[in-house]
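# Structure at a glance
Below, each chain spelled out in residue letters.
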Amino acid sequence: MKSETLSKAALRTSRLLACATLAAGLAVLAGRSDDVAALAPYLATMMSLPSALCAVLLSLAAIAVSAPSPWSQRVGQFIAALGFALALPWAASLAFDAWFTTSVEGAVGNATAPVEAAMSGAASIMFGASALALLFVPLRSRLGTQLFAIFAALGLLATATSLVGLLLDSPTLASLGLSPLPTPLTNVVAGLLLLSTLAQRGDADWLSALLAPSAAGSSARGIIAWTVIAPLAFAALALAGVRDGFYSLHFAFALLAATMCCGLTALVMWNAARVERAQRRATSARDAEQLAADRLRLAKSATGIQMWEWLPATREWYSIDGAERLDPSTNEHLEAGLARALRDAKS
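Just so it is clear, the model here is predicted, and its values are computed rather than measured.

## A short note on the overall build of the protein chain
Check the secondary structure of the protein chain and you find 15 helices and three strands. Sorting the 347 residues of the protein chain into buried and exposed places 35% on the buried side. When contacts within the protein chain are restricted to residue pairs at least 6 apart in sequence, long-range pairs at least 24 apart make up 63% of them. Of the accessible surface of the protein chain, which amounts to about 19800 Å², a share of 68% is contributed by carbon and sulfur atoms.

## Re the confidence of the model for the protein chain
As a general rule, the predicted coordinates of low-pLDDT regions are not to be interpreted in detail. Residues at a pLDDT of 70 or more form 73% of the protein chain, whose mean pLDDT is 76. Throughout residues 90-116 the model reports pLDDT below 50, and contacts reaching past four residues in sequence, or to other chains, amount to 39 contacts.

## Considering the packing of helix 3 (residues 49-65) against helix 4 (residues 70-87)
The relative placement of two packed helices is expressed as an angle between their axes plus a distance between the axes. Look at helix 3 against helix 4: their axes get within 7 Å of each other, and the N-to-C directions meet at 160 degrees. Compared by their axis directions, helix 3 and helix 4 come out roughly antiparallel. As for how helix 3 packs across helix 4, the hand of that crossing is left-handed. Listed contacts from helix 4 to Pro50, Leu53, Cys54, Leu57, Leu58, Leu60, Ala61, Ala64 and Val65 of helix 3 are Ser72, Gln73, Gly76, Gln77, Ile79, Ala80, Leu82, Gly83, Leu86 and Ala87. Its residues assigned to classes, the contact of helix 3 with helix 4 comprises 14 nonpolar, five polar and no charged.

## A word on a nonpolar patch on the surface
Judged by side-chain polarity, Ile224, Val228 and Ile229 come together as a nonpolar surface patch covering roughly 260 Å² of accessible area. Along the chain, Val228 falls in helix 13 (residues 215-243).

## What to know about the packing of aromatic side chains
Applying the stated criterion to the full structure yields one aromatic pair. Their ring planes at 15 degrees and their centres at 5.9 Å tell us that Phe136 and Phe151 sit as a pair that is stacked. You can see Phe136 sitting in the loop between helix 8 (121-135) and helix 9 (142-167) and its partner Phe151 sitting in helix 9, a full 15 residues away along the chain. Looking at Phe136, the relative accessible area reads 19%, which means it is buried.

## Quick look at the pattern of salt bridges
According to the stated counting rule, one finds one salt bridge in the structure shown. Across the pair Arg280 and Glu276 runs a salt bridge, and its minimum N-O distance is 3.7 Å. Residue Arg280 and its partner Glu276 are both found in helix 14 (residues 249-303); the two are separated by four residues, about one turn of the helix.

## As for the nonpolar core
Counting residues in hydrophobic clusters, the biggest one holds 40 residues, and the most contacted among them are Cys54, Leu58, Phe127, Leu134 and Val189. Sorting the residues of this core by element identifies helix 1 (2-30), helix 3, helix 4, helix 8, helix 9 and helix 11 (184-199) as the ones contributing at least two each. The leading source of residues in this core is helix 3, at eleven residues. Val189 has contacts with Thr21, Ala24, Met47, Ala55 and Phe127, leaving out every residue within four places of it along the chain.

## Some thoughts on unusual backbone geometry
Phi at Leu176 is positive, roughly 60 degrees, even though this residue is not glycine. For Leu176, the location among the structural elements is in the loop between helix 10 (171-174) and helix 11. Overall, the relative accessible area of 27% leaves Leu176 in the partly exposed class.

## Quick word on the state of the cysteines
Taken as a whole and judged by the stated rule, the model has zero disulfides. Not engaged in a disulfide, the cysteine Cys262 finds its nearest cysteine sulfur in Cys261; these two sulfurs lie 6.8 Å apart.

Conventions used here
- Residues numbered from 1 in each chain as written.
- Predicted model: local features only at pLDDT ≥ 70, side-chain atom pairs only at ≥ 80, totals over all residues.
- Heavy atoms only, no water.
- Helix = DSSP H or I, 4+ residues; strand = E, 2+ residues; numbered from the N terminus.
- Buried < 20%, exposed > 50% of the residue type's maximum accessible area, 1.4 Å probe, protein only.
- Contact = heavy atoms within 4.5 Å.
- Areas by Shrake-Rupley, 256 points an atom, 1.4 Å probe, with all protein chains shown as cover.
- pLDDT = per-residue confidence, 0-100.
- Axes fitted to C-alpha atoms, helices over the stretch in contact; angles between N-to-C directions.
- Parallel < 35°, antiparallel > 145°, perpendicular 65-115°, else oblique.
- Left-handed = near helix turned anticlockwise from the far one by under 90°.
- Nonpolar A, V, L, I, M, F, W, Y, C, P; charged D, E, K, R; others polar.
- Patch = residues over 30% accessible without salt bridge, like charges linked within 9 Å, V, L, I, M, F, W, Y side chains within 5 Å.
- Salt bridge = Lys/Arg side-chain N within 4 Å of Asp/Glu carboxyl O.
- Phe/Tyr/Trp six-rings, centres within 6.5 Å; stacked < 30°, edge-to-face > 60°.
- Core = buried A, V, L, I, M, F, W, Y, C linked by side-chain atoms within 4.5 Å.
- Disulfide = S-S within 2.5 Å.

Structure (structure tokens):
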């Protein structure tokens, strides 16, 4: 029951994230019009137009594949394939060159930031990985699950690396060594799309362990928080202090190292305590099971009563502890009594 509730909550979260990315993509596309650009001149500069269109397509694909009906999932896969084709730089330049290369400087009026006419290489990787992961969401075979996990992990790696580069002012890292540089909104939208895709397949390979309510899943989430999110936040704060002149880069590096040492030490101790508690609970459960089995054997030996269990699927009898098997054909009174009890609904 609990896992079913978590699955429904994850599906709702997936659709909400897809709707958010759809709204962002549509807003950027609407920023090309003169009426919208007059009210929000910087709207069209927040994301390149190919990236915005790709975000819209993949958002629609994520919503479609989350539906239970097979035809909706097929439509979602088709839209995801279109999004993957658009994410390829050569396909975008061939199919949408006339629209994407049109200058929008007149539409955005007072905007000072240039509008990229082509999708950045980093955005192409992030959106392409999201599109391929969406293609394999409805496929529940072993190969489909593995491919889904591979493409989702690849997209997460590219998105996280680019976000780290943007936060730490590293253009090479933010662009993944490709040009042009993606905008921050592009990374945020790509990350939300990947999270929306991942939420639909919590049973896929390493995702099942990461999202599980067990001690292993909780430890994995804690490790990710302390080894990814916390270092990134501390590094961004340290670099902000260096830029504002509060301290030197050497002091910022020392502060970051000390903070990480303390944080990782606390994480190791917390994880060890969780494992120890889990082992104690497992030991207590085994002891309680053994005590119940001993009491059952004592009761059977003291009363001389044998207890059997009937399996309707195989019509076989087993002793309550599974040690012996009884053939009902050798005891016609047993079979007749069972049939009478089932017919009369009383023992």
